[in-house]
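Residue strings, one per chain:
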Amino acid sequence: MSATRYLEIAERLSAELAECARGTRVASEAEIARRFGVGRAAARAAVQELERRFVVRRTQGAGTFVNRRIDYVISRSVPPSWSATIAAAGATPRALVKSVRPRTSPR
């Protein structure tokens, strides 16, 4: 096995996952290793490479899922919007008030 075999696997998986919807479950490391005929270490390295590229996100105990990178654009024509960025990531923007302390005005 060449030292860059995991990069070849990552490239192929990246191309396949580009056509999947965000949140789609990705095959396990063991399944990837069987599919490509490599050891578990190479499969793990390929998935870690995809995670580094923001192609997938891993959640301990839940699995690996297709991810989409969300760019936070700030320019003269596009004002910054936290809410729009959160919505584009697939979540619901909300604010949570943790505590309130009344204050008197110093006169």
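Scope of this entry: the structure provided in the associated data block.

1. Looking at the overall build of the chain
If you tally the helices and strands in the chain, you get four helices and two strands. Scanning the chain from its N terminus toward the C terminus, one meets helices and strands in the order α-α-α-β-β-α. Against the globule reference of 13 Å for 107 residues, the chain gives a C-alpha radius of gyration of 21 Å, more extended than a compact globule. Once the C-alpha set of the chain is aligned to its principal axes, its extents read approximately 75 × 35 × 25 Å. Of the contacts made within the chain by residues no fewer than 6 positions apart, 48% connect residues no fewer than 24 positions apart. Accessible surface, the chain as shown: approximately 8,300 Å² in total, 52% of it carbon and sulfur. Taking the average place of the 20 positive charges on the side chains of the chain and the average place of its 9 negative ones, the gap between the two points comes to 14 Å.

2. Some remarks on helix H3 (residues 40–52)
Across its 13 residues, H3 extends 18 Å between first and last C-alpha, which sits within 8% of the 18 Å expected from 1.5 Å per residue. Next to the buried residues of H3 lie helix H1 (5–17), helix H2 (29–36), strand E1 (56–59) and strand E2 (63–66). Phe-54 sits one or two positions beyond H3 and adopts a positive phi of about 65 degrees.

3. Some words on the pattern of salt bridges
A complete count under the given rule lists eight salt bridges for this structure. Here Arg-44 and Glu-29 are joined by a salt bridge, their closest N and O atoms 3.3 Å apart. One end of the pair, Arg-44, is in helix H3; the other, Glu-29, is in helix H2, and 15 residues separate them in sequence. In this structure Arg-44 comes out as partly exposed when scored by relative accessible area, which is 34%.

4. Description of the environment of Cys-20
As for its placement among the helices and strands, Cys-20 is situated in the loop between H1 and H2. Look at Cys-20 and you get partly exposed, because its relative accessible area is 26%.

5. Notes on the packing of H1 against H3
The interhelical angle for the contact between H1 and H3, taken along N-to-C directions, is 50 degrees, at an axis separation of 8 Å. The angle between H1 and H3 places the two elements in the oblique class. Handedness of the H1/H3 crossing: right-handed. Listed contacts from H3 to Tyr-6, Leu-7, Ile-9, Ala-10, Leu-13, Ser-14 and Leu-17 of H1 are Ala-42, Ala-45, Ala-46, Glu-49 and Leu-50.

6. Section: the nonpolar core
Within the largest apolar cluster, 17 residues are counted, with the highest numbers of intra-cluster contacts made by Ile-9, Leu-13, Leu-17, Ile-32, Phe-36, Leu-50 and Val-56. Elements represented by at least two residues in this core include exactly H1, H2 and H3. At five residues, the largest contribution of residues to this core is made by H3. Discounting residues that sit within four places of it in the chain, Leu-13 has contacts with Ile-32, Arg-35, Phe-36 and Leu-50.

Quick notes on the rules
- Residues numbered from 1 in each chain as written.
- Predicted model: local features only at pLDDT ≥ 70, side-chain atom pairs only at ≥ 80, totals over all residues.
- Heavy atoms only, no water.
- Helix = DSSP H or I, 4+ residues; strand = E, 2+ residues; numbered from the N terminus.
- Rg over C-alpha atoms; globule rule 2.2 N^0.38 Å.
- Contact = heavy atoms within 4.5 Å.
- Areas by Shrake-Rupley, 256 points an atom, 1.4 Å probe, with all protein chains shown as cover.
- Lys, Arg positive; Asp, Glu negative; His and termini not counted.
- Charge placed at Lys NZ, Arg CZ, Asp CG, Glu CD.
- Expected span 1.5 Å × (residues − 1).
- Salt bridge = Lys/Arg side-chain N within 4 Å of Asp/Glu carboxyl O.
- Buried < 20%, exposed > 50% of the residue type's maximum accessible area, 1.4 Å probe, protein only.
- Axes fitted to C-alpha atoms, helices over the stretch in contact; angles between N-to-C directions.
- Parallel < 35°, antiparallel > 145°, perpendicular 65-115°, else oblique.
- Left-handed = near helix turned anticlockwise from the far one by under 90°.
- Core = buried A, V, L, I, M, F, W, Y, C linked by side-chain atoms within 4.5 Å.

Shape is all these values report; function is a separate question.
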